[in-house]
Structures are given as structure tokens and as C-alpha cells.
Amino acid sequence: MFTGVPLASGKGEIFEIILQFMPDWVQIPVLVLIVLLVVGSWVFKLKRKIDRRRARRQGQAVQVPLQHGQGRGADHLGPYAPQQQTPEPQQPSGADFLGAYAPQQPQGNRPA
């Protein structure tokens, strides 16, 4: 019974169209490669899960992957990072600080 509604998603249709343009001798290796990638990712995830569970049972520290910005990749400078300088006392600034333009206190009206 055909209702006129395609059952495949848009991604699936695009995938089929791309495969139709390939020669037959290329289609099979491409499909095998995709299947191997999917199965390999499942195996890798399962192995990591088993390793974590074993480490927890044995009381070992679990090696957690580094989070974003924790010292790897192009943003990590390591020993080449600029040295931290001690903060100097901040001078007041902003709209309420007039600096040299503040009105001068009269000299004669000083409390004794």
C-alpha cells in the first residue's frame, strides 16, 4: 500500500542520489567503508565504556578527556604564553572620575 509519502529522509534521498552517480564498482566499496566506520565507532565507544567500568571497579583514576580550553591544540601556548604580571593598583576611571578636571577645593575653608 503506497500512500504517496516517501519514507526516506532528505539525507537518505541525497545519499541515494550520490550513489546513483557513482559507477557500480565504486558503490560497493563506499558502502562497505561507511558500514565499517559506523561499526568501528560503536566498537570504540563500547571499549571506552568497558575500560571506564573496569577502572571504577578497581579503584583506579579514570582518564577523563580534556575539556575545551584545558591545554591542548592551537590555543594552548604552553611555555610560550605571556607571563602573568602582578596587578598594579587600579586608578579610578569611568564617568564619575573627573581626574584633573575635578573642581578644586577652596584653600581657605579647611577645617582645623
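You'll find the structure just up there.
Attention in this report is confined to the structure presented alongside it. (Residues numbered from 1 in each chain as written. Predicted model: local features only at pLDDT ≥ 70, side-chain atom pairs only at ≥ 80, totals over all residues. Heavy atoms only, no water.)

## A closer look at the overall build of the protein
The condition that has to hold: Secondary structure counts use DSSP, requiring at least four H or I residues in a row for a helix and at least two E residues in a row for a strand, with both numbered from the N terminus. Here's how the labels work: a residue is buried when its accessible area is under 20% of the maximum for its type, exposed when over 50%, partly exposed in between, all with a 1.4 Å probe on protein chains only. Using a 1.4 Å probe, the Shrake-Rupley method yields the accessible areas, and only the shown protein chains count as cover for residues.
What the protein contains, in helices and strands, is two helices and zero strands. Taking all 112 residues of the protein together, 2% fall into the buried category. With the model as given, the accessible surface of the protein reaches about 11700 Å², and the carbon-plus-sulfur share is 60%.

## Focus: the pattern of salt bridges
Short version of the rule: Basic side-chain nitrogens of Lys or Arg form a salt bridge, by our definition, when they fall within 4 Å of a carboxyl oxygen of Asp or Glu.
Following the criterion strictly, the structure yields one salt bridge and no others. Measuring nitrogen to oxygen at the nearest pair gives 3.1 Å for the salt bridge that ties Lys 47 to Asp 51. Of the two residues, Lys 47 and Asp 51 both sit in helix α2 (residues 24–58), four residues apart, roughly one turn of that helix. Judged by its relative accessible area of 35%, Asp 51 is partly exposed.

## Focus: α2
Applicable threshold: Given a helix with a known number of residues, its expected span is that number minus one, times 1.5 Å.
End to end, α2 covers 51 Å across 35 residues, agreeing with the expected 51 Å (1.5 Å per residue, within 8%). Note on α2: the residue one or two positions beyond its end, Gly 59, has a positive phi of about 75°.

## Regarding the packing of helix α1 (residues 10–21) against α2
The test is simple: Lines fitted to the C-alpha atoms define the axes, with helices restricted to the stretch that makes contact. Angles between their N-to-C directions range from 0 to 180 degrees. In this description, contact between two residues means that some pair of their heavy atoms is separated by no more than 4.5 Å.
In the contact formed by α1 and α2, the axes pass within 9 Å of each other and the chain directions differ by 140°. For the pair α1 and α2, contact is made by Phe 15, Leu 19 and Gln 20 and by Gln 27, Val 30, Leu 31 and Ile 34, respectively.

## Quick word on a nonpolar patch on the surface
For clarity, the threshold we go by: Two distance rules govern patches: like charges are joined within 9 Å, and nonpolar side chains (Val, Leu, Ile, Met, Phe, Trp, Tyr) within 5 Å, applied only to residues with over 30% relative accessible area and no salt bridge.
A cluster of nonpolar side chains, Phe 15, Leu 31, Ile 34, Val 35, Val 38, Val 39, Trp 42 and Val 43, forms an exposed patch at the surface whose accessible area comes to about 690 Å². Looking at which element gives the most residues to the nonpolar patch, the answer is α2, with seven residues. Of note, Val 43 is situated in helix α2.

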